[in-house]
Amino acid sequence: MNKRYWTGVLPVAVAVLPLLTLAVESRAQDEAPKPVKMSLAQARQTVSMLNDLYVTSVVGIHTTYVKDTQSVAAAAVARKVFEAMAKKGWPETRWIATTGRPFNPDSNPKDAFEKDAVVALKKGQARFERVVDGKLRVATLIPLVDKSCQMCHVKDKVGDPIGGLSYTVSLSGKTAK
Ligand code: HEC
């Protein structure tokens, strides 16, 4: 190939590439995956697995990296993970506060299920669930684990049920009804 060929092709390639990238990106957005659907049994098991994974990660991040009140809270990192998972169509997860004075106002209970769940979690119930509109809703309890949490959660005592995780899983077939 001669030099003239390249001097002709290169500028065109340079001009077209960004357009191509844009097209691919917008297609990726159009094709955002639909929520993954599961049977009721699968949904329950998946929530148990996710809950173990999230709780272990939050405690691991907290004990490894959170040294003072300036540190990024493990709960904030987890929130980012929840958002990324939901974008991929995996079960939705969010923090819910039981105290009425959450760090993040978005963690106040949002609907009837979460309001009822908070009542149950405050009584010390570890897991509360219900099927609503074709979805399995589950809330699990997060107590104030130890003194190191009080660095920021200053008004709560060790062992207090300060919050929970609220899961929403789309159900498939008959279990959705
Ligand atoms: C460095 C300060 C800090 C420490 C230490 C800390 N948290 Fe938090 N916590 C936060 C912040 C900030 C949020 C809000 C995060 C968000 O939603 O982005 C939060 C949110 C939460 C929530 C959700 C309800 C709410 O208030 O928004 C729970 C539950 C929670 N933390 C539990 C714990 C537990 C259990 C520990 C100890 C293992 C702990 N936190 C340690 C700062 C902290």
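Look up a bit, the structure's there.
Residues numbered from 1 in each chain as written. Predicted model: local features only at pLDDT ≥ 70, side-chain atom pairs only at ≥ 80, totals over all residues.

Some words on the site of the ligand
Inspection of the region around the ligand gives 25 residues, with A73, N104, C149, C152 and G163 positioned closest. The set of elements that each furnish at least two residues to the shell around the ligand consists of α2 (40-65), α3 (74-87), β2 (92-97) and β5 (161-171). It is α3 that provides the largest number of residues to the shell around the ligand, a total of three residues. Of the residues assigned to the shell around the ligand, the class counts are 16 nonpolar, eight polar and one charged. (Near = placed C-beta within 6 Å. Helix = DSSP H or I, 4+ residues; strand = E, 2+ residues; numbered from the N terminus. Nonpolar A, V, L, I, M, F, W, Y, C, P; charged D, E, K, R; others polar.)

Comments concerning the pairing of β5
In terms of burial, β5 is a largely internal element, eight of the 11 residues being buried. As paired elements, strand β1 (residues 37-38) and β5 share two bridges and run parallel to each other. Among the inter-strand pairings, M38 is bridged to a residue of β5, identified as L171. Across six bridges, β2 lies against β5 in antiparallel orientation. In the strand pairing of β5, I96 is matched with G164. (Buried ≥ 20, exposed ≤ 12 C-beta atoms within 10 Å, placed from the backbone. Pairing = 2+ DSSP bridges.)

A word on the environment of T99
Relative to the helices and strands, T99 resides in the loop between β2 and α4 (112-122). Its 18 C-beta neighbours within 10 Å are what place T99 among the partly exposed residues. In this structure, the C-alpha to C-alpha distance between T99 and K155, residues 56 residues apart in sequence, is 9.7 Å.

As for α3
For α3, built from 14 residues, the straight-helix expectation of 20 Å at 1.5 Å per residue is met to within 8% by its first-to-last C-alpha distance of 20 Å. Considered for burial, the residues of α3 that qualify are A75, A78 and F82. The arc that holds every buried residue of α3, seen down its axis, measures 55°, which confines them to one face. Residues K80, E83, A84 and K87 are exposed on α3 and point more than 90 degrees away from its buried face. Tucked inside the fold, the buried residues of α3 contact α2 and β2. Backbone geometry just downstream of α3 places G89 in the positive-phi region, at approximately 95°. (Expected span 1.5 Å × (residues − 1). Arc of directions from axis to C-beta. Contact = placed C-beta atoms within 7 Å.)

Re the packing of α2 against α3
Look at α2 against α3: their axes get within 9 Å of each other, and the N-to-C directions meet at 140°. Relative to α3, the element α2 lies oblique. The hand of the α2/α3 crossing is right-handed. When α2 is examined against α3, the residues Y54, S57, V58, I61 and H62 are found in contact with a partner set consisting of A74, A75, V77 and A78. Residue composition of the contact of α2 with α3, by class: seven nonpolar, two polar and no charged. (Axes fitted to C-alpha atoms, helices over the stretch in contact; angles between N-to-C directions. Parallel < 35°, antiparallel > 145°, perpendicular 65-115°, else oblique. Left-handed = near helix turned anticlockwise from the far one by under 90°.)

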